Amino acid sequence: MRTPLARFLGSTLALVLLLGVSLASSGFEDGAKPPSKDPGKAEPQTPIEVNEWSIWVGNPGQTTINSLKFYRNPMPNSVGTSRPKLDDKELAAKFPIAPVSIVQFFGDPSKDVDVDLRVKKGSVLSHWPASKEYTGRLHWFGAELKNEPPAGVPQSYLPDDHWLHKLRENASALYLRYESHYERFIAYDAELTIPIPVKLRGGPDEYTLQNMTNRRLVDVAVIAPSDDGFRVGWLDELPAAATDKQAEEEAKEKEKKAAEAKKAVDPAKKAADDKVKADGLFREAEEKPKEKEEALPPLPAEGDATVQARVDQLLNQSITLVVEHAPRRELLNMVGTQARLRLEFDDRAIAKEKIDLTQPTGLKATGVAIRDALADLLGNVGLSYRVTEEGRLYITTAARLAEEANKKGAVVEGPPVKLVMSQPRKQTDPSYHELTRDAMTRRLEGQGLRKDVVQLILDTHGKALFEPGELIVLAHLARETIDETVVLDVFPPPKKFVRSALVVVHGVDPRLQDRARQLVKQLGDKAYKTRESAESRLLALGPVAVPALEDALRDKDVEIAFRAERLLLKLNRSVP
């Protein structure tokens, strides 16, 4: 006979087992979260608008954007940063624009807002206001957005002359309160491991630009100082090596996989889907198999440094060729003949992309470099070329060259695009204002930024952007590139979320590059004073000289290679 205690223990054990089975069947297993909401149902949005704008800086002499040791600190001294502290002399020698990213919130007050910032390609150097910090990640979880500053909470100190005060003065922005801090903005500075986005050749009347990323660049400008003022040129878009169609297909595939991963497994639906797949396989087996599309032949091997240099000399020669109406292929062959270069065409790849080289076009090349004439004929139809081992130009699609470059980890280059510069104009000329500030205003507003945000950007950075002391290139990154580099999540999702990133590229003036190469040759001069003078002048050029110095490491002249290595080390560059 069972005792009352035994009956009680037995009943309790049975109840525990029953609850365990019930929880397991409901999905609440040990350590698991409750089931997520229906993926097909949209998350509730907050009545706020998020505007993020970034100004990032880079040059070909650096391996990163916003390099730690080479640019100014955008934050006040009271904010901790990984950037080295600079005295007045060192500060004066730095590029005038300090890289920074700003996030602001607009709309109705909201509570319990989570802001999550992750630098996927690089590292955070500084930020404000304070947050929960992790490696490459910042959290402002459970924050509150308010119209008015919280009562009884003093605002953090900012020097009276610091530019961040202008962000505080924007009355339409909401205050973000997190723990004991509040501000009308989030500011952060990050060093980013992404490539310099553009390559520049030619000038001063026309430049040839190439996109060095896998995503398109938009609203691209070249600002060049001259004796009579400044010259400006704009491009609405600089195409990437990979086509937009490829990027869209990749994005759709990712979205499809993500949606499938979220779906709960319905046994009945799965069985039905399996039957449909099985029936499809049987039908395919019964049908006559279709011939597979024949693979494209491999690209020819690239020429070595000696071959590349010889072909570059030919491509830098001037050409005069004016043809109003002729097939594009015929014009390309005419240019090749004048350059004394043989052209080969990747006809199958070109046909696959539905590029018709028999279509007529025109060419007006009077005293321009041969490479620029080629850029005019190739760039606007998505073509590019490779210099082969035999010194020929192999004409193929820019997308195909980019695909192979990605496989090998090589540099990606988009199709060359020509840009005609304006005539020189004084900065006091109203037409220059229209070419620069007004044009940038329209473009930033076209990207979705608020008018008051755009006005603030131009008030704080307009002079440095449009009255530079050296040639600069302005290039806006595509939204996909921004999201792949720095992830910014706001939850609940805002009703509008705009991200804009402008990369300011300096040290790309082709004239400076040419000067650096001339000085590199003088490193091997017979006269000691000439060698010493050339080394000093190369050091003064700074990062601009790095590409020429890196090429000089392979020079047969031991003196040139030795001095080039010494200069690279002085410029804080690693030497292989």
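Here's a quick rundown of the structure.

Here the focus is the overall build of the chain. The secondary structure content of the chain amounts to 17 helices and 22 strands. Looking at the chain residue by residue over its 576 residues, the buried ones come to 44%. Taking the contacts inside the chain whose residues are at least 6 apart along the sequence as the reference set, 74% of them involve residues at least 24 apart.

Let us look at the pattern of salt bridges. When the charged atoms of two side chains with opposite charge come close together, those side chains can pair. Applying the stated criterion to the full structure yields 33 salt bridges. A salt bridge links aspartate 116 to arginine 137; the shortest N-O distance between them is 2.6 Å. Of the two residues, aspartate 116 sits in strand β3 (residues 110-119) while arginine 137 sits in strand β6 (residues 137-146), which places them 21 residues apart along the sequence. With relative accessibility at 7%, the residue aspartate 116 sits in the buried group.

Taken as a whole, this structure holds three aromatic pairs when the rule is applied. Where tryptophan 53 meets tryptophan 163, the ring centres are 6.5 Å apart and the plane angle is 55°; that geometry is what we call tilted. Here tryptophan 53 is found in strand β1 (residues 46-58), whereas its partner tryptophan 163 is found in the loop between β6 and α3 (165-168), with 110 residues between them in sequence. Accessibility expressed as a relative area gives 21% for tryptophan 163, which makes it partly exposed. With a centroid separation of 5.7 Å and 65° between ring planes, the pair formed by tyrosine 175 and tyrosine 182 is classed as edge-to-face. The two residues tyrosine 175 and tyrosine 182 agree in class, both being buried.

Let us now look at the sheet that holds strand β10 (residues 198-202). Pairing is antiparallel across the open sheet formed by three strands, whose spatial order is β10-β11-β19. Each end of this open sheet is capped by a strand with a single partner; those strands are β10 and β19 (417-420). Pairwise comparison of adjacent strand axes, ignoring direction, gives a mean angle of 30° for this sheet. Sheet topology note: the β10/strand β11 (residues 206-211) ladder contains five bridges and is antiparallel. The residue of β11 that forms the bridge with leucine 200 is leucine 209. In the packing of helix α9 (residues 370-378) onto the sheet, the strands contacted are β10, β11 and β19, and the crossing angle to β19 comes to about 105°.

Calculation criteria
- Residues numbered from 1 in each chain as written.
- Predicted model: local features only at pLDDT ≥ 70, side-chain atom pairs only at ≥ 80, totals over all residues.
- Heavy atoms only, no water.
- Helix = DSSP H or I, 4+ residues; strand = E, 2+ residues; numbered from the N terminus.
- Buried < 20%, exposed > 50% of the residue type's maximum accessible area, 1.4 Å probe, protein only.
- Contact = heavy atoms within 4.5 Å.
- Salt bridge = Lys/Arg side-chain N within 4 Å of Asp/Glu carboxyl O.
- Phe/Tyr/Trp six-rings, centres within 6.5 Å; stacked < 30°, edge-to-face > 60°.
- Pairing = 2+ DSSP bridges.
- Axes fitted to C-alpha atoms, helices over the stretch in contact; angles between N-to-C directions.

These results come straight from atomic positions and should not be treated as a statement about function.
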